[in-house]
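A closer look at the structure
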Amino acid sequence: MTEKKYYITTPIYYVNGSPHIGSALTTLCCDTLSRYHRMRGEKTWFLTGTDEQATKVYEAAEKVGKSPKEFVDALAEEFKSAWRNLHIENDDFIRTTEPRHVRGVQEFFSRLRDSGDIYRGMYEGWYCVSDETFFRDTDVQEDHLCPNAECRKPLRRVQEENYFFRLSAYAEPLLRHIEENPDFLQPDFRRNEVISFIQQGMRDMSVTRANNGWGIPVADEPDKVIYVWFDALINYVTAAGWPDDMARFQELWPADTHLMAKEIFVRFHATLWPAMLMALKLPLPKQVYAHGWWVGSSGQKEGKRTGGLPHPSEFSAEIAQLTGASKDIAVDSLRYLLLREMQFHGDSEFNYDNFLRRYNTDLANDLGNFCNRTCNMVGRYFDGTTPDGTVDPEISGLGAEVLADYDNALKEFRFNGALEAVWRLVSRMNRYVEEKKPWTLAKKGEMAELASTLRTCLEAIRVMATFLHPVMPFASRSLLEQIGADHIQTFEWRDASNWNLLNPGAKLPEPQPVFPRIQDTKSDEPAKGGSSVKQEKKLSEEIIKPVQKEESPETTATAESETITIEDFMKIQLRIADILAAEPIPNATKLLKLTVRIGEETRTILAGIAEMYQPDELIGKQIAVVANLKPRKMKGIESQGMLLAADVEGQAILLHPETKVPSGSRVR
RNA sequence: GGCGGAGUAGCUCAGUGGUUAGAGCGAACGGCUCAUAAUCGUUAGGUCGUCGGUUCAAGUCCGACCUCCGCUACCA
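Position numbers for residues start from 1 in each chain and track the written sequence from start to end. Throughout, the order in which chains and ligands are written sets their labels, letters from A for the former and numbers from 1 for the latter. Owing to the predicted nature of the model, reporting of local features is limited to residues with pLDDT of at least 70; listing and counting of side-chain atom pairs is limited to 80 or more, with chain, interface and lining totals taken over all residues. Processing note: side-chain calculations cover all non-hydrogen atoms of the structure and skip hydrogens and water entirely.

**A word on the overall build of chain A**
For the record, the criterion: Only runs of H or I of at least four residues qualify as helices and only runs of E of at least two qualify as strands under DSSP, and these elements are numbered from the N terminus. For each residue, the accessible area found with a 1.4 Å probe, counting protein chains only, is set against the maximum for its type, and the residue is called buried under 20%, exposed over 50%, and partly exposed in between. Residue contacts follow a heavy-atom distance rule, with two residues in contact if any of their heavy atoms lie within 4.5 Å.
When helices and strands are tallied, chain A shows 22 helices and 25 strands. For chain A, buried positions account for 51% of its 668 residues. Within chain A, residue pairs in contact and separated by at least 24 positions form 74% of the contacts whose partners lie at least 6 positions apart.

**Things to note about the pattern of salt bridges**
As a reminder, the rule being used: Salt bridge, as used here, is a side-chain nitrogen of Lys or Arg placed within 4 Å of a carboxyl oxygen of Asp or Glu.
With the rule as written, the count across this model stands at 40 salt bridges. As a salt-bridge pair, Glu459 and Arg455 come within 3.3 Å of each other at their nearest N and O atoms. Of this pair, Glu459 and Arg455 are both found in helix H17 (residues 447-468), four residues apart, which corresponds to roughly one turn of the helix. There is no split in this pair, since Glu459 and Arg455 are both buried.

**Examining the sheet that holds strand E13 (residues 288-291)**
Operational definition: Whether two strands pair depends on DSSP finding at least two bridges between them. Between N-to-C directions, angles span 0 to 180 degrees; the directions come from axes that are lines fitted to C-alpha atoms, helices contributing only their stretch in contact.
Strands sit in the order E3-E2-E1-E12-E13-E7 across an open sheet of six strands; the sheet is parallel. Single-partner strands in this sheet number two, and they are strand E3 (92-95) and strand E7 (185-186). Summarising the sheet, strand E1 (residues 5-14) and strand E12 (residues 257-261) pair through two bridges and their orientation is parallel. Within E12, the position partnered with Ile8 by the bridge is Thr257. Those strands touched by helix H1 (residues 21-39) are E1, strand E2 (43-51), E12 and E13, and its axis lies near 165° from that of E1.

**What to know about the packing of aromatic side chains**
This is how the line gets drawn: Stacked, tilted and edge-to-face pairs are distinguished by plane angle, under 30 degrees for stacked and over 60 for edge-to-face with tilted covering the rest, among Phe, Tyr and Trp rings (Trp via its six-membered ring) whose centres lie within 6.5 Å. Over a ring means this: the NZ of a Lys or the CZ of an Arg is within 6 Å of the ring centre and within 35 degrees of the ring normal.
Throughout the structure, instances matching the rule amount to 33 aromatic pairs. Judged by centre distance (5.5 Å) and plane angle (65°), the rings of Phe108 and Trp242 are edge-to-face. Of the two residues, Phe108 is situated in helix H4 (residues 99-115) and Trp242 in the loop between helix H8 (235-238) and helix H9 (246-252); the sequence distance between them amounts to 134 residues. Residue Phe108 is classed as buried on the basis of its relative accessible area of 0%. The class for Trp242 is buried, based on a relative accessible area of 3%. Taken together, Tyr7, Phe108, Phe109, Tyr163, Phe165, Tyr170, Phe230, Tyr236, Trp242, Phe249, Trp253 and Trp273 form an aromatic cluster joined through their ring pairs. Here the basic side chain of Lys262 rests over the ring of Trp293, its NZ or CZ set 4.3 Å away from the ring centre.

**Brief notes about helix H18 (residues 473-482)**
When you tally the buried positions in H18, you get seven out of ten residues, the bulk of the element. Residues Pro473, Ala475, Ser476, Ser478, Leu479, Leu480 and Gln482 constitute the buried set of H18. Residue Gly484 follows H18 closely and has a positive phi angle near 65°.

**A look at the side chain of Glu52**
Under the convention used in this document: For this analysis, a polar contact is any N or O atom pair within 3.5 Å, provided that within protein one partner can donate a hydrogen and the other can accept it, and provided that sequence-adjacent residues contribute only side-chain to side-chain pairs.
Note that Glu52 resides in the loop between E2 and helix H2 (55-63). In this structure the side chain of Glu52 is engaged in a polar contact, spanning 2.7 Å, whose partner is the side chain of Arg95. One polar contact links Glu52 to Thr97, side chain to side chain, over a distance of 2.6 Å. With near-sequence residues (within four places) excluded, Glu52 lies in contact with Val15, Val57, Val72, Ala76, Arg95, Thr96, Thr97 and Trp214.

**Focus on the nonpolar core**
Convention followed: Only buried residues count toward a nonpolar core. Its members are Ala, Val, Leu, Ile, Met, Phe, Trp, Tyr and Cys residues joined through side-chain atoms within 4.5 Å.
If you look at the biggest cluster of nonpolar residues, it comprises 169 residues, and the most contacted ones within it are Phe165 and Phe230. When residues of this core are assigned to their parent elements, the largest contribution, 13 residues, is made by helix H13 (residues 352-382). Apart from the residues within four sequence positions on either side, Phe230 is in contact with Phe108, Phe109, Leu112, Ile118, Phe165, Val207 and Met276. Membership of the second largest hydrophobic core comes to 15 residues, among which are Ala577, Leu592, Val596 and Ile598.

**Focus: the confidence of the model for chain A**
Put simply, the rule reads: For every residue, the predictor assigns a confidence score, pLDDT, that lies between 0 and 100.
Averaged over chain A, the pLDDT score is 83; the fraction of residues at 70 or greater is 83%. Segment residues 298-307 is flagged for pLDDT under 50; beyond a separation of four residues in sequence, or across chains, it makes nine contacts in the model. Across residues 521-564, confidence stays below pLDDT 50; counting only partners more than four residues off in sequence or on other chains, it has 35 contacts. The ipTM assigned to the predicted complex is 0.91, against a pTM of 0.79.

**Observations regarding the protein's contact with RNA strand B**
Where we set the bar: When we say a residue is near a molecule or strand, we mean one of its heavy atoms is within 4 Å of it. Amino acid classes used here: Ala, Val, Leu, Ile, Met, Phe, Trp, Tyr, Cys and Pro are nonpolar; Asp, Glu, Lys and Arg are charged; the rest, including Gly, are polar.
Taken together, 34 residues sit near RNA strand B, with Gln200, Asn365, Asn369, Arg373 and Arg517 positioned nearest. In RNA strand B, the atoms that sit within 4 Å of the protein are 74% sugar and phosphate, with bases accounting for the remainder. Contacts to RNA strand B include Phe515, whose backbone N or O atom sits 2.9 Å from a base nitrogen. Between RNA strand B and the protein, one listed contact pairs a phosphate oxygen with a side-chain N or O atom of Arg517 at 2.5 Å. By residue class, the composition of the surface near RNA strand B is ten nonpolar, eleven polar and 13 charged.

**Focus on the packing of helix H11 (residues 312-323) against H13**
Keep this limit in mind: Under this scheme an angle from 65 to 115 degrees is roughly perpendicular, one under 35 degrees roughly parallel, and one over 145 degrees roughly antiparallel; angles in between are oblique. Handedness of a crossing follows from how the near helix is turned relative to the far one, being left-handed for an anticlockwise turn of less than a right angle and right-handed for a clockwise one.
Where H11 contacts H13, the two axes come as close as 12 Å, and the packing angle between them is 50°. As summarised for this structure, H11 and H13 are arranged oblique, according to the angle between their axes. Like other packed secondary-structure pairs, H11 and H13 cross with a definite hand, here right-handed. For the pair formed by H11 and H13, the contact residues are Phe315, Glu318, Ile319, Leu322 and Thr323 on the first element and Tyr352, Phe355, Leu356 and Tyr359 on the second.

**Considering the environment of Arg380**
Secondary-structure assignment places Arg380 in helix H13. Measuring from C-alpha to C-alpha, the distance between Arg380 and Thr10 comes to 48 Å, with 370 residues separating the pair along the chain.

**Focus: the sheet that holds strand E10 (residues 217-218)**
Read from one edge of the open sheet, three strands run E9-E11-E10, paired in antiparallel fashion. The open sheet is flanked by strand E9 (208-210) and E10, the only strands paired with a single partner. Where E9 and strand E11 (residues 221-226) come together, three bridges link them in antiparallel fashion. Paired with Arg209 across the two strands is Val225, which belongs to E11.

**Regarding the pairing of E12**
Of all five residues making up E12, five are buried, and the element is well covered by its neighbours. The alternating pattern of E12 places Thr257, Leu259 and Ala261 and His258 and Met260 on opposite faces, both of which are buried. Relative to E13, E12 runs parallel, the two sharing four bridges. From the neighbouring strand, Met260 faces E13, where its bridge partner is Ala290.

The structure is reproduced here in structure tokens:
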């Protein structure tokens, strides 16, 4: 029992299609950490799974004409195979439809109901089916659409008796725990967000819903199902054996790391979940860690979070195609690129070209080519057998520094920092070869020096492979094969500080590039070798769809060179209007509500100019408006026209007549 | 509205109050030949968001402002 164990989890993923790059990132980070800890001799347990009890599942299954069970079975399989394809090696995969979970959730619920932490109450208000969330009257506008900006679906008015979890009672204990355990919530700035969230007051939470045929029923009240988030979080303990296999549970719990993306940190993993555990008097997880998102290239601010990002399987397939590398090498390369390019704690911009460039520079040119040139020289000067000799102490010394930096970086989940450290060794080794000039040593017949030099290079490749194994489990094996180190069966962290592991005389295979280069795409030979060039261009445009170009005034003018007739233009009734009143619109940052007079007529016009103009300064001004535009409702108010303004980098500049003119004057 | 973060080279980012502000990539030039148009070297390129203050000394500390971002609220 004194054996150190490391229990790490991803969130369970909502089954709505194959995994996108975000869930792949979380899972990849966990996999890398899990492999790293295992290499260090710890007993690791890496859990992931699927969240299958949401009401939405029922509706989605209906839509495709499947039973919910068939539907989730298929999707769970899709997740499992996607993870296999990403070289993810999880120890357990929990589905919330499994008996071990369902039973555990019901037990969890019953115990809290017995203890009074879950109590009966009447709920009346608005409910969003899609988000499975209740909203207070004050949260809802008169349009009765979901306040969640990314949802905006119609709400249902519901009145039902529900159970509530006494979340409010745990605000103080939670704050105390957070304060006493600074490492509990990470990173720091997100912990602070949690603290202010709790301090603003946490309300008790409705944790049941009416049973509509899907979800985990309350044990003795089958007309109610348990709220999907309440159910989902419990997977971390049911997968560990709670409540039936307490021996196993004692061994695994508390989890060492819950890792997840930032959007489910504050409200769920950093508050609700610990409160639930406190209520049940179970130990809290040691660490809850949130990472940022991959976001599309700039210009894409709202809406689509993952819309423009490639699916991991597509991207690795493209790498394989561009390089000619095997699928396994391509997948490992993607793993490297994702972890190297990511700023773990914040958001990172996903830039396709940067990814490809880094593949070439880091993997093909620096690491791959170093391995290849070393093996070629061993082939040429030592007939392809591992030479004996003394490893240069300067190089092994650098290896020790890299090891320390790597360990420190991973402690803080800075994957990019760990990899950067490894590449210090990689570039040192390329320089080392240049300094030692093995080809000159060979000509001069200085074979002892030559042997030591190449042995140093070979050991360095082995150490690099060890460092890289958590990130590139397959490619690290390929590196070992290249240097004829097949006798090393398993990767162990202690081998990273041992610089004398290769067997002299061991035979190397014929050298093969481990990371084939992406052919130069910049050479402008459109006819020749065009396939890869075209291929890459196509990828940039198709995989990263939202290439939202900022349209400058000139490009707009020239791009829209299509002409219209005078009749077309005359269809638009442009008129001069007097602004009678202007006021801001609640809950809107850009919109102003203008009351204008066009001749004898008074109208309401909404305009997105609040960031540029104060209401006061507009009153009395004359503006040009489109008078015969179809009315449109925004924020529950009908806008009866559109004003004209110059668009300067997204900012509206109003047009005014040069001198005062009669209201309603035609503009042409 | 409140709290927090960020703004440094063409790009991505480092930078404990202390010489001429750094790295990688990209660019230009040169060397080498073991290697995957590879690699090694050199060079160019920055009024460190703006203004003011503290200090012998400010990218770094303080204040104000601008821009972007995150969390959160209020809002019939």
